[in-house]
Amino acid sequence: MRCAGSCCATAVRMASTPAMKRSMAVAVPSTLGSKSVSSITSSSSNALVCSTRTFAKPSAVQGPITNSKEGTYVSTEIIVDMSQALGGQYARGMFAKRDMAYGREILNIPAFLMYIGDEPQREQVLILTKEVFSKLVLNHPDKKFIEARILTMASGGFSYFTRERDVQEFAETVKIPNSFKTGADYLQAGEYGTFDLQKLPLILDFNRWDVEYRGRKGICIFPEAQYFNHQCDANVEISISYSKSKENFVLSARTIKPIQAGEELFINYLPGNTLPLSRLSLALRKRWGFECTCVVCKSRAIGAVTVIFVAVCLPFAIFMRSVYVARMDSKQRGL
Ligand SMILES: [Zn+2]
């Protein structure tokens, strides 16, 4: 995600490849309230200190978003494409392939990754990091999907690992069943680089969707929904709700305006916010590394300048004029 006018905003987008045509049926691993993975950070979390803030570009993937999981839906009327208007070779966006009416549902997808718990958010990100890394190491059926859809997403935020040794220690927490090997051996074999593992929590953090269930906070990853760019005046609205039958969160995206073929689809990354322009700009930059330059923000900026002019410059001009008039009067009286 996602400003209409920022390459960093491309952060949240990606596209499918032939490798992704596999079923999403194996793609929902998370467990509501599960504690099975919550212990993974205990040995490594002390060493994980946020330090630097980085933003990375996603891979240049594009095309249709395929999804064959039963009960989920991705409209064939949308496509991920490079957006020249955004600038930059990696600037992706979601586009309409044909005209769409108001209220059209274009996505209805379960979370690929989900975690709900009492841990701080950064620890939850690490729990999901462990889950994803484990699947890579253990050659889980999700591996190709993760490589194609998760690892190609943009990353950003504050680093979770300060030293290479921290990454190694984290990798060691992934144990290979019936073996003395761990994820660290996987790194040393060169199958997955230390840098890549260092980047993984940044990918998940950057693309997370914050959710809440019965008073507990959590995070979800919806890979198919990560291509939308941001505009304050969006033409697509996202809603996320918990499905009891699926035991997972489900994201639905609907058009909220009539859309023409070729038009880019935008969502509002901070829907319903009433932030002043300066704070909105700060919030977007802090989380996603861009400042919104949409029409709404531009008009708000012009409005703010006008207010400053009326409130400060105009009274000053009136004052200066009165001083000038007074001086002219006194000059005329002197004559
Ligand atoms: Zn805006």
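Predicted, not measured: the structure shown is a model, and the values here were computed from it. (Residues numbered from 1 in each chain as written. Predicted model: local features only at pLDDT ≥ 70, side-chain atom pairs only at ≥ 80, totals over all residues.)

## Looking at the overall build of the chain
We count it as follows: The way it works is that DSSP assigns letters per residue, a run of H or I at least four long becomes a helix, a run of E at least two long becomes a strand, and they are numbered from the N terminus. The exposure label follows from counting other C-beta atoms within 10 Å of a residue's C-beta, where the C-beta atoms are placed from the backbone and the thresholds are 20 or more for buried and 12 or fewer for exposed, leaving partly exposed in between. Whether two residues are in contact depends on their C-beta atoms, placed from the backbone: they are in contact if these lie within 7 Å.
Along the backbone of the chain there are seven helices and 14 strands. Here the chain, with 335 residues, has 41% of them falling under the buried criterion. Intrachain contacts of the chain at a sequence separation of at least 6 include 76% that bridge at least 24 residues.

## Some words on the sheet that holds strand S6 (residues 105-110)
Threshold: Strand pairing is assigned whenever DSSP identifies at least 2 bridges connecting the two strands.
If you trace the four strands from one edge of the open sheet to the other, you get S3-S6-S13-S12, paired in antiparallel fashion. Looking at which strands have only one partner, the edges of the open sheet turn out to be strand S3 (73-74) and strand S12 (236-243).

## Things to note about the sheet that holds strand S7 (residues 113-117)
Where we set the bar: As a rule, the C-alpha atoms of each element are fitted with a line to give its axis, helices using only the stretch in contact, and angles between N-to-C directions run from 0 to 180 degrees.
The strand order across the open sheet built from three strands is S7-S10-S9, with neighbouring strands paired in antiparallel fashion. Two strands bound the open sheet, and with one partner strand each, they are S7 and strand S9 (209-213). Here the average twist between neighbouring strands, direction ignored, is 25°. By the bridge criterion, five bridges tie S7 to strand S10 (residues 216-221) in an arrangement that is antiparallel. What sits directly across from Tyr-115, in S10, is Ile-219. Sitting on the sheet, helix H1 (residues 121-137) touches S7 and S10, and the angle it makes with S7 is about 140°.

## Some words on H1
Condition: Between the first and last residue of a helix there are one fewer steps than residues, each counted as 1.5 Å, and that sum is the expected span.
Compared with the 24 Å implied by 1.5 Å per residue over 17 residues, the 24 Å span of H1 between its first and last C-alpha is a close match. Of all 17 residues in H1, 12 are buried, a share of seventy percent or more. Listing the buried residues of H1 in full gives Gln-124, Val-125, Leu-126, Ile-127, Leu-128, Thr-129, Lys-130, Glu-131, Val-132, Phe-133, Leu-136 and Val-137. Buried residues in H1 make contact with S7, helix H2 (143-150), helix H4 (183-188), helix H5 (194-206) and S10. Of the residues flanking the end of H1, it is Asn-139, one or two places downstream, whose phi is positive at about 55°.

## What about unusual backbone geometry?
The backbone phi angle of Asn-178 is positive, close to 55°, even though this residue is not glycine. Residue placement: Asn-178 occurs in the loop between helix H3 (164-172) and H4. Under the C-beta neighbour-count criterion, Asn-178 is labelled exposed, with 6 such atoms within 10 Å. Phi is positive for Glu-247, which is not a glycine, with a value near 50°. Residue placement: Glu-247 occurs in the loop between S12 and strand S13 (248-255). Residue classification places Glu-247 among the partly exposed residues on the basis of 13 C-beta atoms within 10 Å.

## Some thoughts on the confidence of the model for the chain
Keep this limit in mind: One number per residue, pLDDT, summarises how confident the predictor is, and it ranges from 0 to 100.
Looking at the chain, the pLDDT average stands at 79 and 75% of residues meet or exceed 70. Segment residues 1-51 is flagged for pLDDT under 50; beyond a separation of four residues in sequence, or across chains, it makes 169 contacts in the model.

## Brief notes about the packing of H1 against H2
Rule in force here: Any angle from 65 to 115 degrees is called roughly perpendicular, while one under 35 is roughly parallel, one over 145 is roughly antiparallel, and all others are oblique. Note: crossing handedness is left-handed where the near helix turns anticlockwise from the far helix by less than a right angle, and right-handed where it turns clockwise.
Two numbers describe how H1 lies on H2: the axes approach to 8 Å, and their chain directions differ by 125°. Classified by the angle their axes make, H1 and H2 are oblique. Crossing angle aside, the handedness with which H1 passes H2 is left-handed. Along its contact with H1, which presents Val-132, Lys-135 and Leu-136, the element H2 presents Lys-143, Ile-146 and Ile-150.

## A short note on the packing of H3 against H5
How we decide: Basically, the charged four are Asp, Glu, Lys and Arg, the nonpolar ten are Ala, Val, Leu, Ile, Met, Phe, Trp, Tyr, Cys and Pro, and anything else, Gly included, counts as polar.
Axis separation between H3 and H5 bottoms out at 10 Å; the angle between their running directions is 80°. Comparing the axis directions of H3 and H5 gives the class roughly perpendicular. In this structure, H3 contributes Glu-164, Val-167 and Ala-171 to the contact, and H5 contributes Thr-194, Leu-197 and Gln-198. Split into classes, the residues belonging to the contact of H3 with H5 amount to three nonpolar, two polar and one charged.

## A closer look at H3
Put simply, the rule is: Of all possible arcs, the one meant is that of the directions from the helix axis to the C-beta atoms.
Buried within H3 we find Asp-166, Val-167, Phe-170 and Ala-171. Across the axial projection of H3, the buried residues extend over an arc of 140°, all falling on one side. Structurally, H3 contributes buried residues whose contacts are with H4 and H5.

## Focus: the environment of Pro-201
Along the polypeptide, Pro-201 turns up in helix H5. Expressed as a C-alpha distance, the spacing of Pro-201 and Leu-126, which sit 75 residues apart in the sequence, is 6.2 Å. If we skip the residues at most four places from it in the chain, Pro-201 touches Val-125, Leu-126, Thr-129 and Tyr-160.

## Some remarks on the pairing of S12
Pairing of S12 with S13 involves eight bridges; the strand directions are antiparallel. Across the sheet, Tyr-242 pairs through a bridge with Phe-249, a residue of S13. The hairpin turn running from S12 into S13, its antiparallel successor, is four residues long, and Glu-247 in that turn takes a positive phi close to 50°.

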